[in-house]
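Next come the chains, spelled out residue by residue.
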Amino acid sequence: MEERNKTLGEFIIEKQEDFKYSSGELSRLINSIRLAAKVVNYKVNKAGLVDIIGKFGEQNIQGEDQQKLDVYANEIFMQTLINREIVCGIASEENDDFLTIEGNDGSHNNKYVVLIDPLDGSSNIDVNVSVGTIFSIYRRVTPVGTPVTLEDFLQPGVNQVAAGYVIYGTSTMLVYTTGNGVNGFTLNPAIGTFYLSHPNFMFPKDGNIYSINEGNYVHFPQGVKDYIKYCQLEEGDRPYTSRYIGSLVSDIHRNMIKGGIYIYPTSSKAPKGKLRLLYECNPMAFLAEQAGGKASDGFGRIMEIQPTELHQRVPFFCGSYNMVEKAEEFMAKYK
Ligand code: AHG
Ligand code: MN
Ligand code: MN
Ligand code: MN
């Protein structure tokens, strides 16, 4: 079959034997995410026509105003995974604590936990800019048959068995890795099927885009300020182009196609950074590394950080390998 005509469903079945533990459980899990993504996509595309735009009226544990679509996307992903009795636990940006999922018979026999940012870039919904979903999957570390514990969720990113994102953009795509490279699938909305459109997705080694919320410049650490000035200097292929959507999924997706660096540093306003290690940075770092890119907290590898809390924040430098390396050089001067 021509590679371009391959569906995500076919691809998942074909790749099942590549998984380290090929029980079919991880395939069923990715299939459930595919299904939930289609439901959320349907709703996102109707924003403006149905009452889905605007604030939900509550704050999440992160101190953020939840948008209606944050809550809706969270429910869809939770329900899809819970109904299929496919995972033993889920943690979400929108929930205070992790959820323990038991089978209908009260058992705890499933092996995987999912960590999810159900709707990324939710402040962009009202203005019709692309949003996304980010997911991260681990095998539990506690014994099968017992309820999950926090320990199952607080694993370093290097333990991920799969990770990916959905971008609800000009077209909707699902991009994921199970540790054998990255593949991207585009949804044909007419028939509701994802097709393999970006096989072996790779970050260009170098790039000329830098993505950072430069409005916070005065609050940034000196290493980041110096790196920004380096990006703006007229020399060689510089100055680089500045592109920042404010939606992590969209910013990383663009940079992965065109070559670029994304930075969300610490600042005097957000001393630990803003992005969440478990729901945002680790899955993006796994994808970036699998695509030949690099992900760092400015000083070291994101995926080697031992998490200490569910909603932990970290500074994030992610993108084309050489660009992240360069940014780290600037950071190292002020270590
Ligand atoms: P979320 O919508 O899941 O809470 O994530 C928001 C994040 C991320 O998508 C984006 O890159 C970043 O916040 C933007 O933050 P600033 O508005 O501070 O630049
Ligand atoms: Mn949020
Ligand atoms: Mn997010
Ligand atoms: Mn979110």
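Predicted model, so just to flag it, every value in this text is computed and none were measured.

## So, the UniProt feature "binding site: substrate" (unreviewed entry) in the protein chain
1) Next: In this numbering, the UniProt entry assigns the feature "binding site: substrate" (unreviewed entry) to Asp120, Gly121, Ser122, Ser123, Asn213, Tyr244 and Lys274.
2) Next: Among the structural elements, Ser122 can be located in the loop between strand S5 (112–120) and strand S6 (131–139).
3) Next: With 25 C-beta atoms counted inside 10 Å, the residue Ser122 sits in the buried group.
4) Next: When residues no more than four places from it in sequence are discounted, the contact partners of Ser122 are Gln67, Leu69, Asp70 and Val131.
5) Next: Its place among the elements puts Ser123 in the loop between S5 and S6.

## Comments concerning the confidence of the model for the protein chain
1) Next: Looking at the protein chain as a whole, its pLDDT mean stands at 94, while 97% of the residues score no less than 70.
2) Next: In the model output, the complex is listed with pTM 0.97 alongside ipTM 0.97.

## Some thoughts on the nonpolar core
1) Next: Core analysis: the biggest nonpolar cluster contains 93 residues, and Val87, Ile90, Val113, Val114, Met284 and Cys318 have the highest contact counts within it.
2) Next: The element best represented in this core is helix H7 (residues 277–290), accounting for nine residues.
3) Next: Both domains that furnish three or more residues to this core are identified here as domain 1 (3–198) and domain 2 (209–332).
4) Next: What Val87 contacts, discounting residues up to four positions off in sequence, is Leu29, Leu81, Ile101, Asn110, Tyr112, Val113 and Val114.

## Thoughts on the site of ligand 1
1) Next: Inspection of the region around ligand 1 gives Glu64, Glu93, Asp117, Asp120, Gly121, Ser122, Asn213, Gly246, Ser247, Leu248 and Lys274 as its neighbouring residues.
2) Next: In the shell around ligand 1, the residues fall into one nonpolar, five polar and five charged.

## Some remarks on the sheet that holds strand S11 (residues 209–211)
1) Next: Taking strand neighbours across the sheet as the criterion, the five strands line up as S12-S11-S13-S15-S14 in an open arrangement whose pairing is mixed. Pairing within the sheet leaves two strands with one partner each, and these edge strands are strand S12 (241–242) and strand S14 (294–296).
2) Next: Sheet topology note: the S14/strand S15 (residues 316–319) ladder contains three bridges and is antiparallel. In the sheet register, Lys294 faces S15, and the bridge partner there is Gly319.
3) Next: Sitting on the sheet, helix H6 (residues 248–258) touches S11, strand S13 (260–264) and S15, and the angle it makes with S13 is about 155°.

Conventions and cut-offs
Residues numbered from 1 in each chain as written. Chains lettered and ligands numbered in written order. Predicted model: local features only at pLDDT ≥ 70, side-chain atom pairs only at ≥ 80, totals over all residues. UniProt positions renumbered as here; feature names shortened; annotations may be inferred. Helix = DSSP H or I, 4+ residues; strand = E, 2+ residues; numbered from the N terminus. Buried ≥ 20, exposed ≤ 12 C-beta atoms within 10 Å, placed from the backbone. Contact = placed C-beta atoms within 7 Å. pLDDT = per-residue confidence, 0-100. Core = buried A, V, L, I, M, F, W, Y, C linked by C-beta atoms within 7 Å. Domains from an automatic or database assignment. Near = placed C-beta within 6 Å. Nonpolar A, V, L, I, M, F, W, Y, C, P; charged D, E, K, R; others polar. Pairing = 2+ DSSP bridges. Axes fitted to C-alpha atoms, helices over the stretch in contact; angles between N-to-C directions.

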